[in-house]
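The primary structure of each chain is shown beneath.
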Amino acid sequence: MNNDNKDVASGLNRRSFLKTSTGLALAGAGTLMFPSVAAAKTDELGPTQFRGHNSDQKLWKKVRKEFVLNKRTTYMNVGTSGSMPKSILKSYAKTNEMISANPWQSNVPTIELARQVAPGFGADEHELVLSRNTTDGMNSIINGLQFEEGDVVLTTHHEHPGATIPLKHVSERYNVEVVEVEIPVYTGENQVSEDDFVNAFADAVAEYGSRVRLIVFSHVTYTTGTSLPAKRICKEVAIPNRIPTLIDGAHTPGMLNLNFHDIDCDFYSGAGHKWQCGPGATGILYIRDNAQRLAEFWSDRPTPLWCINSSSSSTALQAKFQSIGQDNYPAKQALADACVMWEEIGRDVIEERVLDLSELCKQELFDTFPYANFYAPNIRELSSGLTTFNPFYDQHDGELLTQFRDRLHEEYGYIVRTTSFYNKKDDMQKIHTIRISTHLFHDEDDVIGLVKAMKRLYRNMA
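Residues numbered from 1 in each chain as written. Predicted model: local features only at pLDDT ≥ 70, side-chain atom pairs only at ≥ 80, totals over all residues. Heavy atoms only, no water.

(A) Molecular detail of empty space enclosed by the protein. Taken as a whole and judged by the stated rule, the model has three cavities of 30 Å³ or more. Looking at the largest cavity, its volume works out to about 110 Å³. When residues of the lining of the largest cavity are traced back to their parent elements, those giving at least two are β4 (128–131), α7 (134–142) and α13 (317–322). Looking at which element gives the most residues to the lining of the largest cavity, the answer is β4, with three residues. (1 Å grid on protein atoms, 1.4 Å probe; cavity = no way out; pocket = protein on both sides within 12 Å on 5 of 7 lines; lining within 4 Å. Points joined across faces, edges and corners; volume = space filled by probe spheres on them. Helix = DSSP H or I, 4+ residues; strand = E, 2+ residues; numbered from the N terminus.)

Listed below in structure tokens is the structure:
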């Protein structure tokens, strides 16, 4: 974004940007007005159309009607990709059409959208960037940090390639030691607690001492659906030892009621297209207070964080990270509109709904498959919208479970996915699981129907 665009965007009234249909394009000599679905929804249906509480079934029926999901199937794989609400989808298409008609006016500044979204995630306006996805944010931070030989990065043995690959790169470039902390895995036979995760990181910090320069972990693991105690890891382990934290939040925006200031992490990268139900190639990146604490913790390095992907000459960190040349304004406007819808419903209400459905799913599965192996903890503080289990005796037979997943779709219309992971980081064989996503467009009948279908299919295959 050039300085003129930045100045104009900065001067826009935050609320009117979404509420009065005024997405602003500044390129060449003219201006182009872009519609906002938030404004359209206010005009057509009123500003409180989704207001309610978790036990209000009328609310969830109204929410369910907002999605254009194929009625011949029951989609329960939000952990891979969500579904855009129909009103936002319509506005998204219209904005793309308007830009196609006026391509010379397509260089729209998106930094104001980032500022609009920030408060909904417990961040200040200058602390949020609208990225392309979780991996984009993870790479921007990991590859932008000024590592030195001998540094240690602590992560876990349940991380996504979006974290492990850039960590591998800096390990090779700077001779950084990447240490996988073995985190506990719930198996249905053992009990796990928040203390177990906190202690695992604390023990690793004690072992490697001042060499530890960064802690990287998933807020919710994609492998099992375990929700780690992010706030406690930051406040009880990282901050007292002057270690910055980078959290992979691929599954949390739109699922949990996030407050980045409360978590007190240094960096947080999340997806816009999963549980937040925005378009593909959208995400959020939180950078705490212009990375001032990073500069304090890494005071031995003159430039702790480099903006490795930027087209901005601005001195403002947010502008540097947000400006990457030609941006996808329609997608990021649609993401911002999805955030408006979530905040209208209430992120706390959505979290409660998601966790209630997840709890029901776990209970129904346990009642139906009492001898199965379960890998998503059944306690609320470690739970998420992801449920993982394997009904078969051989937990290492990935081919059998893939067949179960595919037949569940083809014969019963339920779409889930499989995951695999090492229980212990030194294990030689991976465990394979079915992973079920329950979200705000699901209801109790979806969960009960899924479990019944699994029971019938299991009897056919056992």
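(B) Examining the side chain of Arg293 more closely. Here Arg293 lies in helix α12 (residues 292–297). Within the structure, Arg293 has its side chain in polar contact with the backbone oxygen of Asp264 (distance 2.8 Å). (Polar contact = N/O pair within 3.5 Å; in protein donor to acceptor, adjacent residues only side chain to side chain.)

(C) Looking closely at helix α10 (residues 230–238). All of the buried residues along α10 are Ala230, Ile233, Cys234, Val237 and Ala238. Projected down its long axis, α10 carries its buried residues within an arc of 115°, all on one side. (Buried < 20%, exposed > 50% of the residue type's maximum accessible area, 1.4 Å probe, protein only. Arc of directions from axis to C-beta.)

(D) Broad picture of helix α16 (residues 398–412). Across its 15 residues, α16 extends 20 Å between first and last C-alpha, which sits within 8% of the 21 Å expected from 1.5 Å per residue. Burial in α16 covers these residues: Gly398, Leu401, Phe404 and Leu408. Around the axis of α16, the buried residues are gathered within 125° of arc, so they sit on the same side. Exposed and oriented more than 90 degrees from the buried face of α16 are Glu399 and Glu410. Those residues of α16 hidden inside the fold are in contact with β12 (386–390), β13 (414–415), β14 (417–421), β15 (431–437) and α17 (444–461). Residue Asp397 occupies the N-cap position of α16, its side-chain oxygen lying 3.3 Å from the main-chain nitrogen of Glu399. (Expected span 1.5 Å × (residues − 1). Contact = heavy atoms within 4.5 Å.)

(E) Just the sheet that holds strand β11 (residues 373–374), in detail. Strand order in the open sheet formed by four strands is β11-β12-β15-β14, and the pairing between neighbours is antiparallel. At either end of the open sheet lies a strand with only one pairing partner, and these are β11 and β14. On top of the sheet, helix α15 (residues 347–368) reaches β11, β12 and β15; it is set at about 15° to β12, its chief contact. Strand contacts of α16: β12, β14 and β15, with the helix running at about 20° to β15, the strand carrying the most contacts. (Pairing = 2+ DSSP bridges. Axes fitted to C-alpha atoms, helices over the stretch in contact; angles between N-to-C directions.)

(F) Here's a closer look at the confidence of the model for the protein chain. For the protein chain, the mean per-residue pLDDT works out to 90, and 89% of the residues sit at or above 70. Segment residues 1–33 is flagged for pLDDT under 50; beyond a separation of four residues in sequence, or across chains, it makes 88 contacts in the model. The low-confidence segment residues 37–48 (pLDDT under 50) makes 22 contacts with residues lying over four places distant or belonging to another chain. (pLDDT = per-residue confidence, 0-100.)

(G) Local environment of the nonpolar core. Counting residues in hydrophobic clusters, the biggest one holds 96 residues, and the most contacted among them are Ile215, Phe260, Ile345, Ile436 and Met454. The dominant element in this core, judged by the number of residues it contributes, is helix α14 (residues 329–345), at ten residues. Dropping the residues within four chain positions of it, Ile345 is found in contact with Phe50, Leu59, Trp60, Val63, Ile350 and Leu440. Of all hydrophobic cores here, the second largest spans 25 residues; its members include Phe147, Leu167, Val170 and Leu317. (Core = buried A, V, L, I, M, F, W, Y, C linked by side-chain atoms within 4.5 Å.)

(H) Local environment of the sheet that holds strand β10 (residues 283–287). Reading across the sheet, the seven strands line up as β4-β10-β9-β8-β7-β5-β6 and stay open at both edges, with mixed pairing between neighbours. Each of the sheet's edge strands pairs with one partner strand only, and the pair in question is β4 and β6 (177–181). Sheet twist, expressed as the mean angle between neighbouring strand axes with direction ignored, is 20°. Note that strand β7 (residues 212–218) and strand β8 (residues 245–249) share four bridges and pair parallel. Residue Phe217 lies in a different strand from β8, and its bridge partner there is Ile247.

(I) The arrangement of the environment of Tyr412 in detail. Secondary-structure assignment places Tyr412 in helix α16. The class for Tyr412 is partly exposed, based on a relative accessible area of 23%. Taking C-alpha positions, Tyr412 is 8.5 Å from Leu450, a pair spaced 38 residues apart along the chain. Not counting residues up to four positions away in its chain, the partners in contact with Tyr412 are Arg407, Ala453, Arg456, Leu457 and Asn460.

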